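# Results of the structural survey
Each chain is listed here by its residues.
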There are 2 protein chains.
Amino acid sequence: MSLNQGVDPRTGEPVGDPVPDTRAEQVRSVAQRAADCAPRLAGLPYAGRGQLLNALATALRQNENELVELADRETALGSPRLPGELARTAAQLDMFADVLRDGAFCEAVIDRPDANAVPPHGDLRRMLVPLGPVAVFAAGNFPFAFSVLGGDTASALAAGCPVVVKAHPGHPGLSERIADLAAGALSEAGAPDGTLSVVHGYEAGPALVTDPSITAVGFTGSTGGGRALYDLAVGRENPIPFYGELGSINPVVVTGSAVDARGREIAEGLAGSFRLGTGQFCTKPGVVFVPADSGFDSQAADAVRPSAPAPMLTARMRDAFQSGVAALSEVPGVRELVKAEPLDADGHDVLPAVLAVDAETFASRADALAGECFGPVTVLVEYRDTDSLHRALRTVPGSLTGSLHAEPGDPTAGDIVGVLRESVGRIIVNGWPTGVAVTWSQHHGGPWPATTDPLHTSVGATAIRRFLRPVTYQDVPDELLPEELRDGNPLGIPRRVDGVPA
Amino acid sequence: MSLNQGVDPRTGEPVGDPVPDTRAEQVRSVAQRAADCAPRLAGLPYAGRGQLLNALATALRQNENELVELADRETALGSPRLPGELARTAAQLDMFADVLRDGAFCEAVIDRPDANAVPPHGDLRRMLVPLGPVAVFAAGNFPFAFSVLGGDTASALAAGCPVVVKAHPGHPGLSERIADLAAGALSEAGAPDGTLSVVHGYEAGPALVTDPSITAVGFTGSTGGGRALYDLAVGRENPIPFYGELGSINPVVVTGSAVDARGREIAEGLAGSFRLGTGQFCTKPGVVFVPADSGFDSQAADAVRPSAPAPMLTARMRDAFQSGVAALSEVPGVRELVKAEPLDADGHDVLPAVLAVDAETFASRADALAGECFGPVTVLVEYRDTDSLHRALRTVPGSLTGSLHAEPGDPTAGDIVGVLRESVGRIIVNGWPTGVAVTWSQHHGGPWPATTDPLHTSVGATAIRRFLRPVTYQDVPDELLPEELRDGNPLGIPRRVDGVPA
């Protein structure tokens, strides 16, 4: 393919002008430009970097109507979702400006000389510095929040790293338009040329990950695609960090006490959550552990039926969903509570599916049942006792989230939270995992295959840390130190001095 | 090889009883035992975990004479080095107990519900939790500080992760003895069985890295060996973090002002630093940029000659050193200022070497001249001006350290520090990189090939972070939260609440 063509998911018809592929040699020069500007970007004061982020947020807000319309034509995600996502993406850029103003992110630590230490030491001062040019792979399901100006880009720029975005082929027109707006806003705000670029096409991805100028990669997408790029990143002569968010099935546990007290309400919440955005959330609840013979299966089926058809982002995703649901349904022991009949239409419309299976079968066939199936499908796993619940829960692979519905005082709740914690990055009680707040405390990550690196998050203030590395200065005179580490603390940032906060 | 036999480097004769290899199936059961005890270890209060570390430190100190003697027979590192290293290793264990008592390491962050946030959010609370069982590969050159109870083990245990150490074949007897002492100390201090194990032999390494129970790896050793194990870790079906410290050549820059003011003193400092421990330091200054025609070459040669022979740790390291020096010397343009004549002896003795080359040749032959050569050799790179210095310096691969010798007010110093910072983890002014303090601010890491992950350190308080991952609790009732995140802050640890330290 040499052109990237936006397609209207509602009709299957092309929309907007096709965007040409970026050839490998062009990727090389784009990455080189990023490398050339890296020292200037890194050299901007934190406040200046914060102004770049604020300027990008303003550009999004000032062009909201045009951008939402463009996004809707290429993704059919509609309103209120798209305006909400744009607002969240702008707020995320502003949050990283706040993180810069706060200054704690650079982790300044000072140990003054100590002749009595074992071993004795001189003057040691540590802080975090930018890694260098970062490649960001945009996702298809969040055309604002995980795309050109999404969380990976915002956190990398905040860290002082130039960014080259590989656009998602699902919304090439929107990606180009945002790239244009961003270029204008950055230039006006004083960013060096090369701070942010966008490339397109299948050839561009591997070229970017293997480019000698690129020092880290942020990725959001499928397990297969992410693994292939991860393998390239770690297979380089000089391996680089690859922060990939891949597949997640986001287990939910409903206890007997919760079904008894509010089964119907939980079923309705589930129906809303797994169908949100046509089930195209990385935090979609894909597997729900419920007490057997509790009637929750009928409650869930009732809450989902009747469902209107809704379009998936691309024809490929629609086909993968249909074959994924078929594969799940064919596993012996799986019941189809709500069947996702394929639709005879030109667009990418699908209908939701609800499946059910007993906990023992789930545990023994986790290979077939515990993988992510992108789209509006969820699997109820029916357990007879706590032991079989825990056993089945432990076969769930690493996930971004794990949720528990339980009544106050439920004696089984503590152990379930403990088991969930072994394999997830966020634990939700009496709520749903879809919807990811952007805060200081957010963690959007988890053990493989939820991510390629369980230490890191792609959402929240600490996402910046992926693109920073520590440097320690030993016996360096004040005038040669960065301001963050000078004696007088001219930046007024939080520091740890001689072991205590100062 | 089915036995690991200690050898006296001074004579080449075997010492102590041979230690049998751990077969792959034994590794599997050792790792399983670690996994089985992981929840209990993770569940110990921080103070309890700290007591385990203090108990290990005490075990080292109480058996100092025996351990130093054992270590000396297998490594010939002698006194004061070995008693000093033991003291530092014990102090390192105690430091991580302090890190636990401090509590900031768990990074507790709380954001209370905010209906006005974009998007609005509920109650979110983040902290770090243990990753799970960790494999540690001991180094040969630090039989205490980077071995069974070294920094990787101390930081992993502090994080609440059980450890399986792959012993270094250079000191099998010492490794076994320390394993015995540690087992007793841990058991007495209340650690669960399986908290710390030691395995031996070449088969055990790959078996450990690919074991399904192992969740992360700490490694200190050669670039070749480290790369092979790194490839296994990232090639797993579920890749795991691999924290490897590999090769580093630790550039030193000496400015004209410094040579003029104290060339002889610097030459003597260099002679001490690159020969320390027979040049077997990962922070050994391997390349020294000096002004051409400044007379520093003679000063360096004078400071090194005459040198007494000193033993390397193993016969293999001695042979690699001799062939490495020969390969460096054969590069056209390289002058031998001090020649390392091979010795005709039964032990592992070698003599030091000092080589010199001009900066242009170095920059164009960095492939041959800028790799680590373990042992007492250093290369002077003679530069004619600042431009050629910077060009040559930029060809130096990622290193643990970079050093600058300059007089106060030297106008070239700032730019040199800037160039060094691009590729090193620690910058030293008017000092030497050998000798690594154990503090809150220490960073012992750097870009590839110094380490496999530039974000992390293997020395200093933040080494603990390699073995922790974040978890966020959303709307979780106080009674189901870990103590770190409860409303009343029962542990009294530093936290960030609603964006500000509390």
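In this text the structure is predicted, and so the values were computed from the model without any measurement.

Basis of the calculations
Residues numbered from 1 in each chain as written. Chains lettered and ligands numbered in written order. Predicted model: local features only at pLDDT ≥ 70, side-chain atom pairs only at ≥ 80, totals over all residues. Heavy atoms only, no water. 1 Å grid on protein atoms, 1.4 Å probe; cavity = no way out; pocket = protein on both sides within 12 Å on 5 of 7 lines; lining within 4 Å. Points joined across faces, edges and corners; volume = space filled by probe spheres on them. Helix = DSSP H or I, 4+ residues; strand = E, 2+ residues; numbered from the N terminus. Nonpolar A, V, L, I, M, F, W, Y, C, P; charged D, E, K, R; others polar. Buried < 20%, exposed > 50% of the residue type's maximum accessible area, 1.4 Å probe, protein only. Pairing = 2+ DSSP bridges. Domains from an automatic or database assignment. Contact = heavy atoms within 4.5 Å. Buried area = accessible area lost by both parts, 1.4 Å probe. Salt bridge = Lys/Arg side-chain N within 4 Å of Asp/Glu carboxyl O. Polar contact = N/O pair within 3.5 Å; in protein donor to acceptor, adjacent residues only side chain to side chain. Axes fitted to C-alpha atoms, helices over the stretch in contact; angles between N-to-C directions. Least-squares fit on C-alpha atoms with pLDDT ≥ 70 in both.

### Quick word on empty space enclosed by the protein
Going through the model one piece at a time under the given rule, you end up with 11 cavities of 30 Å³ or more. Roughly 270 Å³ of volume is contained in the largest cavity. Along the wall of the largest cavity there are 21 residues; nearest its centre are Y230, P241 and D453 of chain A together with P241 and D453 of chain B. Of all the secondary-structure elements, those providing two or more residues to the lining of the largest cavity are α8 (223–235) and β9 (242–245) of chain A together with α8 (223–235) and β9 (242–245) of chain B. Looking at the lining of the largest cavity residue by residue, the classes come out as 16 nonpolar, three polar and two charged.

### Some words on the pairing of strand β4 (residues 124–130) of chain B
Side-chain positions along a regular strand alternate between the two faces of the sheet. Residues and elements named next belong to chain B. Burial analysis of β4 places seven of its seven residues in the buried class, which makes it a mostly covered element. Of the strand pairs in this sheet, strand β3 (residues 109–111) and β4 are connected by three bridges, and their pairing is antiparallel. The partner of V109 across the bridge, within β4, is R126. Where β4 lies against strand β19 (residues 468–474), seven bridges are found, and the strand directions are antiparallel.

### Some details on the domain arrangement of chain A
Accessible area lost when the parts come together is the quantity often used to give the size of an interface. All names here are of chain A. What the domain assignment reports for chain A is domain 1 (25–246 + 453–472 + 481–485) and domain 2 (251–429). Here the C-alpha centroids of domain 1 and domain 2 sit 33 Å apart. Every contact between the two is made by 13 residues of domain 1 and, on the other side, 12 residues of domain 2. Both faces combined, the contact of domain 1 with domain 2 buries some 860 Å², and carbon together with sulfur accounts for 63% of it. Connecting domain 1 to domain 2 are zero salt bridges. Counting across the interface, domain 1 meets domain 2 through one residue pair in polar contact (both at pLDDT 80 or more). Considering only residue class, the side of domain 1 that touches domain 2 consists of five nonpolar, five polar and three charged.

### Quick word on the sheet that holds strand β6 (residues 163–166) of chain B
Residue and element names in this part refer to chain B. As summarised here, the arrangement of the five strands in space is β7-β6-β5-β8-β9, forming an open sheet in which the pairing is parallel. Looking at the sheet topology across the chains shown, the edges are occupied by β7 (196–199) and β9. When strand polarity is set aside, the average angle formed by the axes of neighbouring strands in this sheet is 15 degrees. Bridge count between β6 and β7: four bridges; the pairing is parallel. Following the sheet pairing, V164 is matched in β7 by S197. Each of β6 and β7 is contacted by helix α1 (residues 24–43), which is oriented at about 165 degrees to β7, the strand it contacts most. Strands β5 (134–137), β8 (216–220) and β9 of the sheet are contacted by α8, whose axis makes an angle of about 175 degrees with β9.

### Observations regarding the interface of chain A and chain B
Opposite the 70 residues of chain A that make contact, chain B presents 70 residues. Interface area, chain A with chain B, both sides summed: about 5,800 Å², of which 57% is carbon and sulfur. Counting the contacts that link chain A with chain B gives four salt bridges. For the salt bridge of E107 of chain B with R465 of chain A, the shortest nitrogen-to-oxygen distance reads 3.2 Å. In this assembly, chain A and chain B are joined by 44 residue pairs in polar contact (both at pLDDT 80 or more). Those elements giving two or more residues to the side of chain A that touches chain B turn out to be α4 (81–102), β3 (109–111), β4 (124–130), α8, α15 (413–421), β18 (424–429) and β19 (468–474) of chain A.

### Here's the deal with the relation of the copies chain A and chain B
Note that the two copies of the chain are related through a rotation about an axis and a translation along the same axis. Mapping chain A onto chain B leaves a residual RMSD of 0.0 Å; the transformation is a rotation of 180 degrees accompanied by 0.0 Å of translation along its axis. Here the two chains are linked by the operation of a two-fold rotation axis. Measuring from the rotation axis to each C-alpha of chain A, the shortest distance belongs to V234 of chain A, at 3.5 Å. A symmetric contact is evident, with 100% of the interface residues of chain A recurring at the interface of chain B.

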